[in-house]
Amino acid sequence: MTKEGFKSGFVAIIGRPNVGKSTLLNRIVGEKIAIMSNKAQTTRNKIQGIYTTDDAQVVFIDTPGVHKPQNSLGDYMVKSAFSALHEADAIWFVVDASKKRGAGDNFIINRLKEVKNTPIFLLVNKVDLLKKEDLFEVIKTYQEDAPEWTEIFPISATEGDNVPELLETVIKDLDEGPQYFDSDQLTDHPERFVISELIREKVLQLTQQEVPHSVAVVIDKIATEADGIVHIQASIIVERPTQKNIVIGKQGKMIKQIGTRARKDIERLLGSRVFLETWVKVEERWRDRPQALQSLGYRKDDF
């Protein structure tokens with residue numbers, strides 16, 4: 001039963017690719033639930049992170065980076081990002097302080113102008129990469145031809161600068177409401193999804209530029225054996241045989257490195273020893289085929 005005076009609500013985090021949305025979400029919940037990479041378009045699904053205190057619960061919706069779609073997967077990602085705006089009690093628009101305002105930012109800003117009766121916060125991220133005297137000019141560029149921001153917060157998601165103050169502000173403005181999730185729950189996604197994302201993150205971090213946008217990960221089996229070790233079988237899906245060769249690597253060195261790094265994060269997530277088996281499979285043009293996208297976990301209604 002939710003106690004009297006308890007506050008709750010949903011906050012959508014939106015922005016261009018690689019502005020630090022997932023890093024911010026992980027910082028808030030204290031665990032890696034959204035994968036991080038320096039490659040654009042890392043987040044493909046709306047990932048819900050849950051932050052709970054004795055007096056409030058905030059459900060954060062980390063959306064895919066908004067970009068110009070090149071295929072059905074891209075269309076899915078952009079529709080997914082904008083649909084979150086209609087589910088939220090507040091919106092955090094994250095921009096990269098180290099880069100100039102661009103066409104992608106303007107595209108999002110124009111969509112934000114259409115949002116009514118929802119607080120919209122401008123989060124100027126990566127201020128640790130900026131000289132203090134330059135910050136005012138960056139903020140000024142985002143005040144021109146833009147919505148009237150409810151609040152403007154310069155932050156560093158990696159260092160945690162101003163993040164506690166940001167949380168305090170958004171909670172203060174939430175209405176009283178129920179506790180949607182258990183206090184110790186950090187995400188609404190099942191373990192299978194988070195595990196697949198952790199494996200995909202390692203592929204993004206380790207492989208060449210031509211591979212990341214073409215990769216998906218499917219968890220084929222999870223089973224806890226009598227010895228307490230969790231056995232996981234996963235398939236890494238790519239679009240071309242050349243990409244398969246890259247992911248496997250010379251004498252299997254790349255796939256081994258991917259597995260070793262992913263296993264460490266999965267063990268941290270599960271709190272158990274893990275035996276991870278991975279295979280690489282080719283599904284030609286899977287990003288352009290709605291049926292393939294659906295089989296890989298993307299909702300049919302969103303593409």
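What you are looking at is a predicted structure, and each value in this text was computed from that prediction instead of being measured.

Ile199, Ile232, Ile236, Val247 and Ile266 are the most contacted members of the largest nonpolar core, which has 25 residues in total. Only helix 6 (191–206), strand 7 (216–224), strand 8 (230–238), helix 8 (253–270) and strand 9 (274–282) provide two or more residues apiece to this core. When residues of this core are assigned to their parent elements, the largest contribution, eight residues, is made by helix 6. Those residues within four positions of Ile199 in sequence are excluded, and the remaining contacts are Val217, Ile219, Ala234, Ile236, Ile258, Ala262, Ile266 and Leu276. Grouped together as the second largest cluster of nonpolar side chains are 24 residues, Leu25, Val29, Ala90 and Val94 included.

Per the stated rule, a full pass over the model turns up nine salt bridges. The partner of Lys172 in a salt bridge is Asp173, with the nearest N and O atoms 3.5 Å apart. According to the relative accessible area criterion, Asp173 is partly exposed, its value standing at 44%. Here the residues in one salt-bridge network are Glu201, Lys202 and Asp265, joined through shared partners.

We now examine helix 3 (residues 103–112). Along an α-helix, residues three or four positions apart point the same way, because every turn accommodates 3.6 residues. Among the residues making up helix 3, those that are buried are Asp105, Ile108, Ile109 and Leu112. One side of helix 3 carries all its buried residues, which in axial view fall inside an arc of 100°. Looking at the buried side of helix 3, the elements it contacts are strand 1 (7–15), strand 4 (90–96) and strand 5 (120–125).

Through backbone hydrogen bonds, the strands of a sheet pair up, either in parallel or in antiparallel fashion. If you walk across this open sheet you meet the three strands as 7-8-9, and the pairing is mixed. On the outer flanks of this sheet lie strand 7 and strand 9, each paired with one strand and no other. Going from strand to strand, the sheet's axes swing by 15° on average, the running direction of each strand aside. Where strand 8 and strand 9 come together, nine bridges link them in parallel fashion. For Ala234, the partnering residue across the bridge sits in strand 9 and is Thr278. The strands that helix 6 touches are strand 7, strand 8 and strand 9; relative to strand 7, the one it contacts most, it runs at about 130°. Against the sheet, helix 8 engages strand 8 and strand 9, with an angle of about 135° to strand 9.

What follows covers the packing of helix 7 (residues 241–248) against helix 8. Here helix 7 crosses helix 8 at 65°, and the two axes come no closer than 5 Å. Contacts from Ile246, Val247 and Ile248 in helix 7 reach Lys253, Met254, Ile255 and Ile258 in helix 8. Class assignment of the residues belonging to the contact of helix 7 with helix 8 gives a composition of six nonpolar, no polar and one charged.

Another aspect to go through is the pairing of strand 7. In this structure, strand 7 lies alongside strand 8, joined through eight bridges in antiparallel fashion. Bridge pairing links Ala223 to His231 in strand 8. Counted between consecutive antiparallel strands, the loop separating strand 7 from strand 8 contains five residues, among which Gly228 sits at a positive phi close to 85°.

On to helix 8, then. With 18 residues, helix 8 extends 26 Å from end C-alpha to end C-alpha; this agrees with the ideal 26 Å at 1.5 Å per step. Along helix 8, the residues that are buried comprise Met254, Ile255, Ile258, Gly259, Ala262, Asp265 and Ile266. Each buried residue of helix 8 lies within a common arc of 140° when the element is viewed along its axis, so the set occupies one face. Of the exposed residues in helix 8, the ones pointing more than 90 degrees away from its buried face are Lys253, Lys256 and Arg268. Of the surrounding elements, those touching the buried residues of helix 8 are helix 6, strand 8, helix 7 and strand 9. At the C-terminal side of helix 8, Gly271 shows a positive phi close to 70°.

Attention now goes to the packing of helix 6 against helix 8. Remark: helix 6 packs on helix 8, axes separated minimally by 9 Å, with the N-to-C direction vectors making an angle of 140°. Here helix 6 is positioned oblique relative to helix 8, judged by the angle of their axes. Handedness of the crossing formed by helix 6 with helix 8: right-handed. Residues Glu191, Val194, Ile195, Leu198, Ile199, Glu201, Lys202, Val203, Gln205 and Leu206 of helix 6 pack against Met254, Gln257, Ile258, Arg261, Ala262, Asp265, Ile266, Leu269 and Leu270 of helix 8. For the contact of helix 6 with helix 8, a count of residues per class yields 12 nonpolar, two polar and five charged.

Let us look at unusual backbone geometry. Of note, the phi angle at Asn18 is positive, near 65°, even though the residue is not glycine. Secondary-structure assignment places Asn18 in the loop between strand 1 and helix 1 (21–29).

Parameters and conventions
- Residues numbered from 1 in each chain as written.
- Predicted model: local features only at pLDDT ≥ 70, side-chain atom pairs only at ≥ 80, totals over all residues.
- Heavy atoms only, no water.
- Core = buried A, V, L, I, M, F, W, Y, C linked by side-chain atoms within 4.5 Å.
- Buried < 20%, exposed > 50% of the residue type's maximum accessible area, 1.4 Å probe, protein only.
- Helix = DSSP H or I, 4+ residues; strand = E, 2+ residues; numbered from the N terminus.
- Contact = heavy atoms within 4.5 Å.
- Salt bridge = Lys/Arg side-chain N within 4 Å of Asp/Glu carboxyl O.
- Arc of directions from axis to C-beta.
- Pairing = 2+ DSSP bridges.
- Axes fitted to C-alpha atoms, helices over the stretch in contact; angles between N-to-C directions.
- Nonpolar A, V, L, I, M, F, W, Y, C, P; charged D, E, K, R; others polar.
- Expected span 1.5 Å × (residues − 1).
- Parallel < 35°, antiparallel > 145°, perpendicular 65-115°, else oblique.
- Left-handed = near helix turned anticlockwise from the far one by under 90°.

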